[in-house]
Amino acid sequence: MDVRQLVALNLRRLRVARQISQDDLALAAGIERSYAGHLERGTKNPTIVTLEKLAQAMECEIGELFERVPEGTIGIKPLKSGRRTAAIRTR
C-alpha cells in the first residue's frame, strides 16, 4: 500500500469512527468537500498543512493518518446516507 492510499484509508477510518460527514469535516478543516473525497480515495496529494487541518478538525494527532492498517483491510463501511450537519444534529 502506498502512502497516499494509507493516508486515504486512515482519513476515512478516523472520520467514520467519529461520525463526521465529509461535508462537516471539509467545513471544519477549511477545504472543499470534493477535495476531501479525493483525499479519501487517494487520488490527490495533500500538503502537510492540509493534513494538519484535517487532524485538528477530527481532534486527532497527525501521525494517526500514517498508522499502518491491519493486513487485509480493504475498506471502511460508510456512514448512514443523508446529510448530517451540525445544525441539523442540534435541533
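Our subject is the structure that appears above.
Below: a short report on this structure. (Residues numbered from 1 in each chain as written. Predicted model: local features only at pLDDT ≥ 70, side-chain atom pairs only at ≥ 80, totals over all residues. Heavy atoms only, no water.)

**Here's the deal with the nonpolar core**
This is how the line gets drawn: The set of buried Ala, Val, Leu, Ile, Met, Phe, Trp, Tyr and Cys residues whose side-chain atoms join them within 4.5 Å is what this entry labels a nonpolar core. Remark: exposure states derive from per-residue accessible area (1.4 Å probe, protein chains only) relative to the maximum for the residue type, with buried under 20%, exposed over 50%, and partly exposed in between. Where helices and strands are cited, they refer to DSSP runs of H or I of at least four residues and of E of at least two residues respectively, numbered from the N terminus. Contacts are residue-level and defined by heavy atoms, with any inter-residue pair within 4.5 Å sufficient.
Judged by nonpolar contacts, the single largest core of 16 residues is most densely connected at Leu11, Leu25, Ile31, Leu54, Met58 and Leu65. Those elements giving two or more residues to this core turn out to be helix H1 (3-17), helix H2 (22-29), helix H3 (33-41) and helix H4 (48-57). Excluding residues within four positions of it along the chain, Leu54 makes contact with Leu11, Leu25, Ala29, Ile31 and Leu39.

**Description of the environment of Ala17**
Mapped onto the elements, Ala17 comes out in helix H1. C-alpha separation for the pair Ala17 and Met58, spaced 41 residues apart in sequence, amounts to 9.9 Å.

**Some remarks on H4**
Applied cut-off: Each direction from the helix axis to a C-beta atom contributes to the arc, which is the arc of those directions.
When H4 is considered as a whole, its buried residues turn out to be Thr50, Leu51, Leu54 and Ala55. Buried residues in H4, looked at end-on, bunch into an arc of 135 degrees, giving them a common side. Residues of H4 that are buried make contact with H1, H2 and H3.

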